[in-house]
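Structure at a glance
In case you want the letters, here they are:
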Amino acid sequence: MSQTSAGDQKYFLPRAGLEPLVGILRQRGYTVLAPTRRDEIIALAPVESADQIARGVHDHQDGGRYRLTQADPEVMFEYGPGADSPKRYLFPPELPLVELRVRGNRFIPTSQPPAIAQYAFLGIRACELAAIKVQDRVFGLEGQDTLCADAAEYYRRTRRRALLIAVNCTRPGGTCFCASMGTGPAATEGFDLSLTELRDGFLLTVGSQAGAALGAELDLRAPTSAEEGLAEMKLAAARAHMPRHLDTRGLKERLEQTIDDPNWERVAARCLSCGNCTMVCPTCFCFTVSDSSGLTDGVYGRTRRWESCFSHQFSYVAGSGPVRSTIAARYRHWLRHKLCTWQDQFGVSGCVGCGRCITWCPVGIDLTEEAQRLGRHVPGAGAVPIPKAGGTKEALP
Amino acid sequence: MIQHVADMDYRPPPGMGGWLPVEATIVNIQPENFNTRTFTLRFVDESLCESYRFEPGQFNMLFVPGVGEAAISISSSPYQIGALDHTIRMVGAVTRGIDRIGVGGIVGVRGPFGRGWPLHKLAGKDVIIVGGGIGLAPLRPLIHWLLRHREQCRRVVLLYGCRSPEDRLYAAELEAWSGRSDLDVLVTVDNADEHWTGPVGVVTNLLRRIKVNAEQTVVFVCGPRVLNRAAAWNFLQLHVPPAQVYVSLERNMNCGFGRCGHCQYGKHFVCRDGPVFCFADIADIFAKEEI
Ligand SMILES: Cc1cc2nc3c(=O)[nH]c(=O)nc-3n(C[C@H](O)[C@H](O)[C@H](O)COP(=O)(O)OP(=O)(O)OC[C@H]3O[C@@H](n4cnc5c(N)ncnc54)[C@H](O)[C@@H]3O)c2cc1C
Ligand code: SF4
Ligand code: SF4
Ligand code: FES
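Residues numbered from 1 in each chain as written. Chains lettered and ligands numbered in written order. Predicted model: local features only at pLDDT ≥ 70, side-chain atom pairs only at ≥ 80, totals over all residues. Heavy atoms only, no water.

Some words on the site of ligand 3
If you check the shell around ligand 3, you find A:Thr278, A:Cys284, A:Phe285, A:Cys286, A:Cys309, A:His333, A:Trp334, A:His337, A:Lys338, A:Trp342 and B:Gln264 and nothing else. The environment around ligand 3 is built from residues contributed by chains A and B. In terms of residue count, the dominant contributor to the shell around ligand 3 is helix H11 (residues 327-346) of chain A (five residues). Along the lines of polarity and charge, the residues of the shell around ligand 3 split into six nonpolar, four polar and one charged. (Near = heavy atom within 4 Å. Helix = DSSP H or I, 4+ residues; strand = E, 2+ residues; numbered from the N terminus. Nonpolar A, V, L, I, M, F, W, Y, C, P; charged D, E, K, R; others polar.)

Take a look at the structure:
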């Protein structure tokens, strides 16, 4: 889909226009995935009506902490991302790849390739668009494999059919640092439509031809200059109040020198190696394909599941056990992969600054703090205190 | 210009990169030692027998339905068309599963994967091959290749170490190689028996018995981690340039084609960027623990 340059076409979409938008998408065969309020978190889930989209709530996120509180019932998207991300749908946590029977000396596939859904993501954030872009690289969006059962092929097909309607963040979550990573709080590319919430509607930006076609079916009007100005102000405020910060200048080069850093041991003393950070991370791509056998029907299954580099079996080698046997080694691998070696592998940072790994870490380990500390070690001086990062927690009203 | 197998296209044949492995019959099982056997596989699909090519040092993912897959080096000569050897040590679920299947049964194959030994680096060089234990398996296709292209390089030396004389892989072939004038073979064992007349001790001790012309030497190493380290270290001490030392590494593998993340080694995916690495490319992490 060819993307026209963002910002060219701006419109005003009244709040009441969301319902028809959902309707049109559903009519076109999309499963509409939007943030919903479920089990006291914001979860990306299929909706049939705009009424099901979470509204009137604020989220409060901090290291190891996530709460929703009641807010003005009229506001819709004043919360940050929950644990979920589009990754759950484009790269599902569990995907049956193939089932087979053994007949004589042949393997007979008894399953169809996984069905490819048609998703419209409504209300995803700039950092999530950035994460999709990262996974586009990881899975080689432009590539082509012969079998749909290939790990990347499912992603590519689902991704190519997906429609992305972004919402710009006017109230960043407490663990966000997208401004540092250059990914948010406003979506600048990679979307079909983007929305900035105003008092009684949205400033809508068209980002692609598919988005323009969709916009043509909506009840849009030209925005007033006051509306455009307000949207800008809200986004500038969000940027200014970004609660966390990561100094990315020279970060990769600094992290390259950190293999022997004493700070890994310090983190390891707190890290439970639970793998939450990798499960919630919208860019982590590791998986394990495991085999099963139907005891009675003779059908063997191969299933792909998310895997975490924090698990024992991840690096397990027969005879000598896990290569990364210590938590320090696993945390080191994880952080260096996200912020350093990912760039060697895929040409982008593996972190988009969404803050999920901080929020969902049961002990509240903050990678922005850890990354600041690393590589500043003076030999013989032991672990050094962390230089004060810019910004404070939960700065917005 | 060396004409070698690596000039061919090594992309896995269609279908073999996905998750449905292709069927191969176990046509022979050759015992090597108490827990290692060489399985000769023949694709059920005859056309694949003809078209399948690999590079010495590459591996296949061997599949046992309902059990799993294991990365196993191809251990036969690249010129042996139609039948592929895999020398397997029985250590866990998949490897024992293959053993249970027996001659006439079928296993699944995906591959070949990875980058093998850099055959284009050998012209006019002395080649020193260092293997330990099961590590001889991925070196065997290399040796077969070298014997076919013997005129391309100068000396070829094989240093091989294992626990005891009975633990030697390819014992008959080692004997035959020892008798050749164009190949220097030195085998050492940790524990000798009364019939053993060769050297005893770790394989790096054998270095004292050969003359290393550092600048002119290319080294290929595959063994357990301690051996890889010791061998690389010894050759670097002898001033063999880091760009001429190659090591084949082992990591947990699940996909074999650079997607599952399991085999990461710093910035490298061992299944895709290796398993054979040039020391110069991994010098920053090779000596580090738990990377
Ligand atoms: C490039 C490469 C080449 C290899 N070549 C040979 C060979 O020629 N002969 C041989 O006997 N062995 C070889 N190995 C080691 C072999 O892969 C393991 O012994 C085997 O995977 C163990 O599987 P298992 O199911 O029997 O053991 P389990 O202990 O049951 O292992 C469970 C699973 O963990 C993974 N795993 C465990 N150990 C390893 C390992 N060392 N490497 C990769 N994945 C592992 C596999 O997916 C395996 O199925 C090679 C490994 C690599 C990486
Ligand atoms: S590493 Fe943490 S902050 Fe960065 S993208 Fe992943 S979950 Fe978000
Ligand atoms: S951080 Fe760990 S789980 Fe995430 S992609 Fe890297 S290796 Fe995989
Ligand atoms: S084995 Fe899957 S990435 Fe290397």
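Alright, that's what it looks like, and here's the rest.
Some thoughts on the domain arrangement of chain B
All names here are of chain B. Annotation of chain B at the domain level lists domain 1 (3-113) and domain 2 (119-248). For domain 1 versus domain 2, the distance between C-alpha centres works out to 24 Å. The partner domain 2 presents 18 residues to the 22 residues of domain 1 that form the contact. Of the roughly 1600 Å² buried between domain 1 and domain 2, counting both surfaces, carbon and sulfur atoms make up 59%. Applying the counting rule to domain 1 against domain 2 returns one salt bridge. Taken together, the links from domain 1 to domain 2 amount to seven residue pairs in polar contact (both at pLDDT 80 or more). Mapped by element, the contributors of at least two residues to the side of domain 1 that touches domain 2 are strand E1 (22-33), strand E2 (36-43) and strand E5 (84-89). (Domains from an automatic or database assignment. Contact = heavy atoms within 4.5 Å. Buried area = accessible area lost by both parts, 1.4 Å probe. Salt bridge = Lys/Arg side-chain N within 4 Å of Asp/Glu carboxyl O. Polar contact = N/O pair within 3.5 Å; in protein donor to acceptor, adjacent residues only side chain to side chain.)

Looking at the packing of aromatic side chains
Tallied over the entire structure, the rule returns 27 aromatic pairs over all chains. Ring geometry for A:Phe77 and A:Tyr79: centres 6.4 Å apart, planes at 55 degrees, overall tilted. For A:Tyr79, a relative accessible area of 0% corresponds to the buried category. Put simply, the rings of A:Phe287, B:Trp19, B:Phe59, B:Phe113 and B:Phe257 pair up and form one aromatic cluster. In this structure, A:Lys87 is placed above the aromatic ring of A:Trp306, and the distance from its NZ or CZ to the ring centre is 4.3 Å. Against the face of B:Trp19 rests B:Arg110, its NZ or CZ located 4.4 Å from the ring centre. (Phe/Tyr/Trp six-rings, centres within 6.5 Å; stacked < 30°, edge-to-face > 60°. Buried < 20%, exposed > 50% of the residue type's maximum accessible area, 1.4 Å probe, protein only. Lys NZ or Arg CZ within 6 Å of the ring centre and 35° of its normal.)

Brief notes about the nonpolar core
A general tendency of soluble globular proteins is for nonpolar side chains to be buried together. Membership of the largest hydrophobic core comes to 107 residues, with the highest contact counts inside it found for A:Phe121, A:Tyr331, A:Trp334, A:Leu339 and B:Val130. Counting residues domain by domain, this core receives three or more from each of domain 1 (3-113) and domain 2 (119-248) of chain B. Setting aside residues up to four positions removed in sequence, A:Phe121 forms contacts with A:Leu33, A:Leu44, A:Pro86, A:Tyr89, A:Leu90, A:Ala162, A:Leu163, A:Leu164 and A:Ile165. Judged by nonpolar contacts, the second largest core, of 34 residues, contains A:Leu13, A:Val47, A:Ala50 and A:Leu214. (Core = buried A, V, L, I, M, F, W, Y, C linked by side-chain atoms within 4.5 Å.)

Some points on the pattern of salt bridges
Under the criterion given, the structure shown has 36 salt bridges over all chains. Among the ionic pairs, A:Glu217 bridges to A:Arg28, the shortest N-O distance being 2.3 Å. Taken together, the residues A:Glu217 in the loop between helix H6 (209-216) and helix H7 (225-240) and A:Arg28 in the loop between helix H1 (18-27) and strand E2 (31-38) connect sequence positions 189 residues apart. Residue A:Arg28 is classed as partly exposed on the basis of its relative accessible area of 34%. Among the ionic contacts, a cluster of salt bridges with common partners joins A:Asp291, A:Arg302, B:Glu69 and B:Arg110.

A closer look at the site of ligand 2
The environment of ligand 2 is formed by 13 residues, the closest being A:Cys281, A:Cys351, A:Cys354, A:Gly355 and A:Cys357. Of all elements in the fold, only H11 and helix H12 (356-359) of chain A reach the threshold of two or more residues within the shell around ligand 2.

A few points about the interface of chain B and chain A
At the interface, 40 residues of chain B touch 50 residues of chain A. Taken together, the two surfaces of chain B and chain A that pack against each other cover about 3700 Å², and 57% of this comes from carbon and sulfur. For chain B, the biggest contributors to the area lost against chain A are B:Trp19, B:Arg259 and B:Glu290; these three give 23% of the whole. A salt bridge links B:Lys288 to A:Asp260; the nearest nitrogen and oxygen atoms lie 2.6 Å apart. Remark: the boundary between chain B and chain A carries 21 residue pairs in polar contact (both at pLDDT 80 or more). Only E1, strand E4 (68-73) and strand E6 (106-113) of chain B provide two or more residues apiece to the side of chain B that touches chain A. In terms of residue count, the dominant contributor to the side of chain B that touches chain A is E6(B) (four residues). Grouping the constituent residues of the side of chain B that touches chain A by class yields 17 nonpolar, 11 polar and 12 charged.

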